[in-house]
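Breakdown of the fold
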Amino acid sequence: MNYEEIEKYLPKYLSAQKQKDLYEQLRDFPHNVHKIYGRDTSFKEGILQSDIVKAIPFYNLPDTNHKNTTVMVVSNSCDIDPANKRPTTPKISYVPIIRLNKFVELLKNNSIDEKRIQSTVESIKKQEKTNMFYLPKGQYMQEESIALFENIISINRDKFFSLAMQSESKIATLGNYGFYMFLLKLSIHFTRIQEAVDRCK
């Protein structure tokens, strides 16, 4: 990472001290990935981008049977804010979260050798895998887990809020550092400005 370049793009809504704290946390990456969560469960009353919410229906298409699971919100905070009135009700996009040990079992079932599995897990924990976001075990997560960016789906915003609020199923909000890392990884996964493809041939 070019930290001097990143410093230019630190969130301007943060105070000077919080920008400094965020910059220092980014400089310590990847040795501090366990510090991605907020210090408390603030913002409990709403849903923000990157929030972790349990008991939300997920469809593993083409299977149309749903399973209630823990998810991470991908849609941006402004678009999903109920105060943001629109002619039509927007949808909330989210991705499923699975336990890391379950993912390891999937690799073993696919006959991936042990050495490669170990290397993959190490990369996941360093946030090097662009198609997933590592969620370390901590105050809010009982087990190491990963959010799978490739498995994105959407449902009606009002339905999502109804499900999330009726059981107080919000688990965690990421802190400034965690959210910044989330945005970086999400941007890399979904946008590759240097894809090296000439589309005008």
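Read on for a plain summary of the structure. Not measured: the values here are computed from a predicted model.

Moving on: the pattern of salt bridges. One pass over the full model with this rule turns up 6 salt bridges. K125 serves as the salt-bridge partner of E144, at 3.2 Å between the closest nitrogen and oxygen. Taken together, the residues E144 in the loop between β4 (132–135) and β5 (145–148) and K125 in helix α5 (residues 114–125) connect sequence positions 19 residues apart.

Further remarks concern the pairing of strand β2 (residues 66–73). Relative to β2, strand β1 (residues 52–59) runs antiparallel, the two sharing 6 bridges. Paired with I52 across the two strands is M72, which belongs to β2. What sits between β1 and β2 in their antiparallel hairpin is a turn of 6 residues. As defined by bridge partners, β2 adjoins strand β3 (residues 91–99) across 3 bridges and the pair is classed as antiparallel. Paired with V73 across the bridge in β3 is Y94.

To continue, consider helix α7 (residues 176–190). The end-to-end C-alpha distance of α7, which contains 15 residues, comes to 21 Å, matching closely the 21 Å that a straight helix rising 1.5 Å per residue would cover. Here α7 has its buried residues at Y177, G178, Y180, M181, F182, K185, L186 and H189.

Time to look at the nonpolar core. Ranked by size, the top nonpolar core spans 20 residues in total, and within it Y37, I52, M72, F133 and L135 carry the most contacts. Of the residues forming this core, the biggest block, 4 residues, is contributed by α7. Among the nonpolar cores identified, the runner-up in size contains 15 residues, and I92, I153, I155 and L163 belong to it.

Quick look at the packing of aromatic side chains now. Tallied over the entire structure, the rule returns 5 aromatic pairs. With a centroid separation of 5.5 Å and 50 degrees between ring planes, the pair formed by Y94 and F160 is classed as tilted. Of the two residues, Y94 is situated in strand β3 and F160 in helix α6 (residues 157–166); the sequence distance between them amounts to 66 residues. The exposure class assigned to F160 is buried, which follows from its relative accessible area of 0%.

This paragraph deals with the side chain of T173. Within the element layout of this structure, T173 appears in the loop between β7 (170–172) and α7. The class of T173 is buried, set by a relative accessible area of 7%. Among the polar contacts made by the side chain of T173, one reaches the side chain of D51 at a distance of 2.9 Å. Looking at T173, its side chain comes within polar contact range of the side chain of K170, at 3.1 Å.

Definitions and limits used
Residues numbered from 1 in each chain as written. Predicted model: local features only at pLDDT ≥ 70, side-chain atom pairs only at ≥ 80, totals over all residues. Heavy atoms only, no water. Salt bridge = Lys/Arg side-chain N within 4 Å of Asp/Glu carboxyl O. Helix = DSSP H or I, 4+ residues; strand = E, 2+ residues; numbered from the N terminus. Pairing = 2+ DSSP bridges. Expected span 1.5 Å × (residues − 1). Buried < 20%, exposed > 50% of the residue type's maximum accessible area, 1.4 Å probe, protein only. Core = buried A, V, L, I, M, F, W, Y, C linked by side-chain atoms within 4.5 Å. Phe/Tyr/Trp six-rings, centres within 6.5 Å; stacked < 30°, edge-to-face > 60°. Polar contact = N/O pair within 3.5 Å; in protein donor to acceptor, adjacent residues only side chain to side chain.

Interpretation in functional terms is not warranted from these geometric data alone.
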